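# A look at the structure
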Amino acid sequence: MQVWRGTTRIPGWQRQQGAQLLETLRTDNAGVFSEFVVGLTDAIPKVLAYDFMHTVMQTHSQVRFVFKEERFDTLISEMAINHIDLVLADRAVAPDAAVKLTSHVLGKSPVSFFAQPELAQRLRPNFPYSLNGQPLLMPGIRSGVATGLASWLESEQLTPLPVAEFDDSALLKLFGSQGFGVFCAPFCIAAHVEQQYQVARIGDVDELTEQFYALTRQNQGSDAVASDIIAQARALLSKAAG
């Protein structure tokens, strides 16, 4: 009799079957454990990111999605070392950027102005000139709409009182909901803003728009998940534009 100490002798045919089973499990679970990392800039409204993503997540149920919110430059650096697969942003990558990325235009939305309901009712009849002298909550300079907003105010000779500036769009809306001032947000999420923050829309500015982009690595154009996110976002923004 042969005695094996500390282990069990396994016949060759069982070892072969075991190896085949392990390889099958690895193959079958490859999709289940795949990961797709999405970067979000501070300026992207969370409800918009949800609208872009939730159908894609249901379609690609075998993918584990990871969401990271950071500054634009930080997200771009993370893409350069393959730590992020796609970034949702409100601005494109500069053509001369060191990191070679593709900026996919998703669409644009007019900008709407909001305030607490009582104030919005007072400001609505003479909008936008009723903004003169009103406290205004400004998006941070890193926001894609910040420069356009400043230019529009100047071109219309409007003189609101900038009382605060926010990089985080959700924090801006929260302060606006508490009566700290008038604020703006994309028209495409106006219904959500009014419901979530209990504010009212004052008016819309068609010539002032907010653009949205999906940023991918240049060799990633055929990725199924990235393609579906881009298609879903474009369809939603196109529908919102009417």
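Description of the structure in this document. (Residues numbered from 1 in each chain as written. Predicted model: local features only at pLDDT ≥ 70, side-chain atom pairs only at ≥ 80, totals over all residues. Heavy atoms only, no water.)

## With respect to the overall build of the chain
Regarding its fold elements, the chain presents eight helices and eight strands. Put simply, the chain has 242 residues, and 41% of those count as buried. Excluding contacts between residues fewer than 6 apart, the proportion of contacts in the chain whose partners are at least 24 apart in sequence is 82%. Counting every atom, the chain has about 13500 Å² of accessible surface; 51% of that belongs to carbon and sulfur. (Helix = DSSP H or I, 4+ residues; strand = E, 2+ residues; numbered from the N terminus. Buried < 20%, exposed > 50% of the residue type's maximum accessible area, 1.4 Å probe, protein only. Contact = heavy atoms within 4.5 Å. Areas by Shrake-Rupley, 256 points an atom, 1.4 Å probe, with all protein chains shown as cover.)

## Observations regarding the environment of P128
Structurally, P128 can be placed in the loop between helix 4 (117–123) and strand 5 (135–139). Residue classification places P128 among the buried residues on the basis of a relative accessible area of 15%.

## Quick notes on helix 8 (residues 224–241)
Under the 1.5 Å per step criterion, the end-to-end length of helix 8 is 26 Å for 18 residues, consistent within 8% with the ideal 26 Å. Turning to helix 8, its buried residues number three or more, namely V225, A226, I229, I230, A233 and L237. For helix 8, the angular spread of buried residues about the axis comes to 135°, placing them on one side. Contacts made by the buried residues of helix 8 are with strand 1 (34–41), helix 2 (46–59), strand 2 (63–70), strand 3 (86–89), strand 4 (101–115) and strand 8 (200–217). Capping of helix 8 at its N-terminal end is provided by D223; its side-chain oxygen lies 3.0 Å from the backbone amide nitrogen of V225. (Expected span 1.5 Å × (residues − 1). Arc of directions from axis to C-beta. Polar contact = N/O pair within 3.5 Å; in protein donor to acceptor, adjacent residues only side chain to side chain.)

## Structural notes on the packing of aromatic side chains
Counted under the stated rule, the structure contains six aromatic pairs. On the basis of an interplanar angle of 45° and a centroid distance of 5.2 Å, the ring pair of F166 and F175 is categorised as tilted. According to the relative accessible area criterion, F175 is partly exposed, its value standing at 30%. Ring pairs connect the aromatic residues F113, F127 and W152, which therefore count as one cluster. Here R91 stacks its cationic end above the ring of F72, 4.0 Å away from the centre of that ring. (Phe/Tyr/Trp six-rings, centres within 6.5 Å; stacked < 30°, edge-to-face > 60°. Lys NZ or Arg CZ within 6 Å of the ring centre and 35° of its normal.)

## Details of the sheet that holds strand 7 (residues 183–186)
Pairing in this open sheet of six strands is mixed, and the strands run 2-1-3-8-4-7 from one edge to the other. Looking at the sheet topology across the chains shown, the edges are occupied by strand 2 and strand 7. The sheet shows a mean angle of 25° between the axes of neighbouring strands, taken without regard to direction. Inspection of the sheet shows strand 4 paired to strand 8 by 14 bridges, in the antiparallel sense. Paired with F113 across the two strands is G203, which belongs to strand 8. Seen against the sheet, helix 5 (residues 146–155) touches strand 4, strand 7 and strand 8 and runs at an angle of roughly 150° to strand 8. (Pairing = 2+ DSSP bridges. Axes fitted to C-alpha atoms, helices over the stretch in contact; angles between N-to-C directions.)

## Notes on the pattern of salt bridges
Under the definition given, this model contains six salt bridges. The salt bridge involving E35 is made with R64; its shortest N-O contact spans 2.4 Å. You can see E35 sitting in strand 1 and its partner R64 sitting in strand 2, a full 29 residues away along the chain. What makes E35 partly exposed here is its relative accessible area of 45%. (Salt bridge = Lys/Arg side-chain N within 4 Å of Asp/Glu carboxyl O.)

## Topic: helix 2
Along its 14 residues, helix 2 runs 20 Å from first to last C-alpha, staying within 8% of the 20 Å computed at 1.5 Å per residue. Bending of helix 2 peaks at approximately 35° at the position of M53. Within the sequence span of helix 2, burial applies to V47, L48, A49, F52, M53 and V56. (Bend = angle between axes of the 7 residues up to and from the residue.)

## Topic: a nonpolar patch on the surface
Taken together, the side chains of L171, L174, F175 and F180 define a hydrophobic patch exposed on the protein surface, amounting to about 350 Å² of accessible area. For L171, the location among the structural elements is in helix 6 (residues 169–177). (Patch = residues over 30% accessible without salt bridge, like charges linked within 9 Å, V, L, I, M, F, W, Y side chains within 5 Å.)

## A few points about the pairing of strand 3
Side chains L86 and L88 of strand 3 all project onto a buried face; the interleaved residues V87 and A89 project onto the opposite face, where all are buried too. The pairing of strand 1 with strand 3 spans three bridges and is classified as parallel. Opposite L40, over in strand 3, you have L88 as the bridge partner. Relative to strand 8, strand 3 is paired through four bridges, and the arrangement is antiparallel. Among the inter-strand pairings, L88 is bridged to a residue of strand 8, identified as A214.

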